[in-house]
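# Chain and residue survey
Here is how the chains run, residue by residue.
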2 protein chains.
Amino acid sequence: MVERGFPEPEYRARLARAQEMMAEADLSALLLTTEPEIRYFTGFLTRFWASPTRPWFLVVPAQGAPVAVIPSIGEALMAQTWITDIRIWSSPDLEDDGVSLLADTLAKIAPGRIGVPDGAETHLRMPLADWVTLQSKAPGCVFASDTGILRRLRMIKSPAEIDKIQQSCGIAGRAFARIGEIAREGVPLEDVFRRFQMLCLDEGADWVPYLAGASDQDGYADVISPATPEPLAKGDVLMLDVGLVWDGYFCDFDRNFAIGPPSPRAASIHARLIEATQAGFEAARPGATVADLFHAMDAIATGGKGTSDVGRLGHGLGMQLTEWPSLIPQDQTRLVPGMVLTLEPSIEVSPGRIQVHEENILITEAGAQCLTPPCGPEMPVL
Amino acid sequence: MVERGFPEPEYRARLARAQEMMAEADLSALLLTTEPEIRYFTGFLTRFWASPTRPWFLVVPAQGAPVAVIPSIGEALMAQTWITDIRIWSSPDLEDDGVSLLADTLAKIAPGRIGVPDGAETHLRMPLADWVTLQSKAPGCVFASDTGILRRLRMIKSPAEIDKIQQSCGIAGRAFARIGEIAREGVPLEDVFRRFQMLCLDEGADWVPYLAGASDQDGYADVISPATPEPLAKGDVLMLDVGLVWDGYFCDFDRNFAIGPPSPRAASIHARLIEATQAGFEAARPGATVADLFHAMDAIATGGKGTSDVGRLGHGLGMQLTEWPSLIPQDQTRLVPGMVLTLEPSIEVSPGRIQVHEENILITEAGAQCLTPPCGPEMPVL
């Protein structure tokens, strides 16, 4: 039974690691604006981020506890976390939507170099005009890069985080095991999408932020499109790729199913994908790089010719559907225990048509451990 | 039967209006980076935005058609839209994740003042470091505010957009009508959340990005928290607030239910909320301001003393759960036909505990029209 939330020491440990890195980088504070960044240090968990109206800020000083500078609508929920210094304003405020309060907080508690996440996969979740104002309003503060501190912290998961990811993987695995209840020849793909989300919820998902998929003869053209009303047809390979959430943590993996007996070509491609994934799995040991994982899988998937324009053969995951690093030849990030990755090889079945397979793994001292239920070389036939 | 997608003339009309406004604002192009902004002009609809890895760009020039500058993984899907000038790069690219390609595109097709959404409720969805690089890399281009063009465009919905919002409202309405199947005394709130999302999907939602709610004696403390395992108890008022999506358009409304016969206090507060909503509805005519709607509702909800720290009594909605404007005393946005708004009064039941009611309305020449199914003054009893 996995517990919801984290005990306070988990947050204190995250803060201590961040403050060590801030000292090395000569930063007086971190300024955070996005959902996963703020949740990482506070535990503030809400689907209210779907509303773009209000900015939210967290100041993580080089010494002492984080300070939340947030709209008053979030006060009650933030007060349930371990954060005690919560500064609020009534948002939306058309004149000054938290900018003065934030500037004042920064100038008082952490004058100096303020680190802001600014690298790949990040963005600043506040209006650009307010960002410009802020920079001129916080005396004694200079804004600089966070030097990748957030990325380095979040890339290594704690045992409690891993439990939550595994919980999500288990829920999705049980939903996939019930696919026969909802998918067969003649069922429109959009019905399969809807019903599969229902299965995920029925098996315990809190919500289902991501579902992609496709169904076509032997393989499919595209892995990010929404569902069509097209009915599943004999000879199709149906792929569903799900990112569901349990207590704020994602799984992200797919499964392929044959609608009626698969063609020899479709079947052999699928078997090769599983073989490629296995090669990635075996290469995934502390000390290897993510580029090594790419090459291990690519050697089998394409014979080393490089993959399609999907652009990578896997990535990190955790509080977000996709996280740093990327399994590409250029990424030399070295594996260490606690990383959670997807292995996601793809193979071209025919011009413009591919199959993709995806698993989620954990890096341990002893090598990789699969977080997703085992998947054999043979596609299940529906 | 509402059609999915929009015919090409819809996009051409949006573009023409944008280009008129760009001429007035002396802008040579708009640079867009977020999901709703890019979808508004292209129809590019995918849940893949859940992945923060890759930046996506759309250039809307002062003359001619929009140009998509996007990761190659999106090429096939973008090619299904009316956009023909699609420039791709293989992303993620650790050295240059589309920045040079974007700079080159801007410098060639639209040198001059490039408008970027920078006001309230907006953000720039690209790494801050890349934004700095871009500004020095596009010769002949100066980046400026979009002067609220996107806000002004998106605030007025077309008949086809309104149909989609109404479709979402209808789906959620049918799910609420089935609440008795899943909610009663003793059922944990988190089960109600899961099952309610399943009802929404069963009734035709594509997905359910937002669900908030609470259940407590006579009212509740908080409207943005995730579900707890607490079972529904006699005397509770259960509130569910849902933002589901059909073909990329949201509804956003709530319903309150009494668990067992409500107390006289709970029942009278609910009746007053409905009365306040009705007052907002009657005030919602072209020419009135959103501030007028605030005051019409607030007069009944609090006797004009002003509301709780929720901060506003409603807002726009459409491609996002919440959109401009805000129903607050400071917002003097004037109502015009085609606006879709929520009316969302709240009343304090006891210190720290409120009830909230929410409906979705359309502004027409003749006044307001309700998009959500009618809700009487009496709370349904479960």
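The structure under discussion appears in the preceding block.
In this text, all values refer to a predicted model and were calculated from it rather than measured experimentally.

## Quick notes on the sheet that holds strand 6 (residues 141-145) of chain B
All names here are of chain B. One open sheet holds the six strands; their spatial order is 4-3-2-1-5-6, and the pairing between them is mixed. Edge positions in the sheet fall to strand 4 (85-89) and strand 6, since each has one partner strand and no second. When the angles between neighbouring strand axes are averaged without regard to direction, this sheet yields 25°. Here strand 1 (residues 29-32) pairs with strand 2 (residues 57-61) via four bridges, running antiparallel. Looking at strand 2, one finds that Leu-31 is bridged to Val-59. Strands in contact with helix 5 (residues 128-137) are strand 1, strand 5 (112-116) and strand 6; relative to strand 6, the strand with the most contacts, it is inclined by about 130°.

## Describing the sheet that holds strand 5 (residues 112-116) of chain A
Residue and element names in this part refer to chain A. Read from one edge to the other, the open sheet built from six strands follows the order 4-3-2-1-5-6, with strand pairing classed as mixed. Sheet topology places strand 4 (85-89) and strand 6 (141-145) at the edges, where each strand pairs with a single neighbour. The average angle at which neighbouring strand axes cross in this sheet is 25°, direction not considered. Sheet topology note: the strand 3 (residues 67-71)/strand 4 ladder contains five bridges and is parallel. When the bridges of strand 4 are listed, Val-69 appears paired with Arg-87.

## Describing the pairing of strand 16 (residues 359-364) of chain A
For a regular strand, side chains alternate in direction, first toward one face of the sheet and then toward the other. All names here are of chain A. The buried count for strand 16 comes to five of six residues, which makes it a mostly enclosed element. Bridging between strand 13 (residues 340-343) and strand 16 involves four bridges; their strand directions are antiparallel. Directly across from Leu-343, in strand 16, lies its bridge partner Glu-359. Here strand 16 pairs with strand 17 (residues 367-370) via four bridges, running antiparallel. Looking at strand 17, one finds that Ile-361 is bridged to Cys-370. Connecting strand 16 to the next strand, strand 17, in antiparallel fashion are two residues.

## Looking at the relation of the copies chain B and chain A
Relative to chain A, chain B is turned by 180° and slid 0.0 Å along the rotation axis, the superposed coordinates differing by an RMSD of 0.0 Å. Classification of the inter-copy transformation places it as that of a two-fold axis. Identified as the residue of chain B closest to the rotation axis by C-alpha distance is Met-198 of chain B, at 2.6 Å. Both copies contact each other with a shared surface, as 100% of the interface residues of chain B are interface residues in chain A too.

## Re the side chain of Ser-91 of chain B
For Ser-91 of chain B, the position within the fold is in the loop between strand 4 and helix 4 (99-109). A polar contact of 3.0 Å, which involves the side chain of Ser-91 of chain B, links it to the side chain of Asp-97 of chain B.

The rules behind these values
- Residues numbered from 1 in each chain as written.
- Chains lettered and ligands numbered in written order.
- Predicted model: local features only at pLDDT ≥ 70, side-chain atom pairs only at ≥ 80, totals over all residues.
- Heavy atoms only, no water.
- Pairing = 2+ DSSP bridges.
- Helix = DSSP H or I, 4+ residues; strand = E, 2+ residues; numbered from the N terminus.
- Axes fitted to C-alpha atoms, helices over the stretch in contact; angles between N-to-C directions.
- Contact = heavy atoms within 4.5 Å.
- Buried < 20%, exposed > 50% of the residue type's maximum accessible area, 1.4 Å probe, protein only.
- Least-squares fit on C-alpha atoms with pLDDT ≥ 70 in both.
- Polar contact = N/O pair within 3.5 Å; in protein donor to acceptor, adjacent residues only side chain to side chain.

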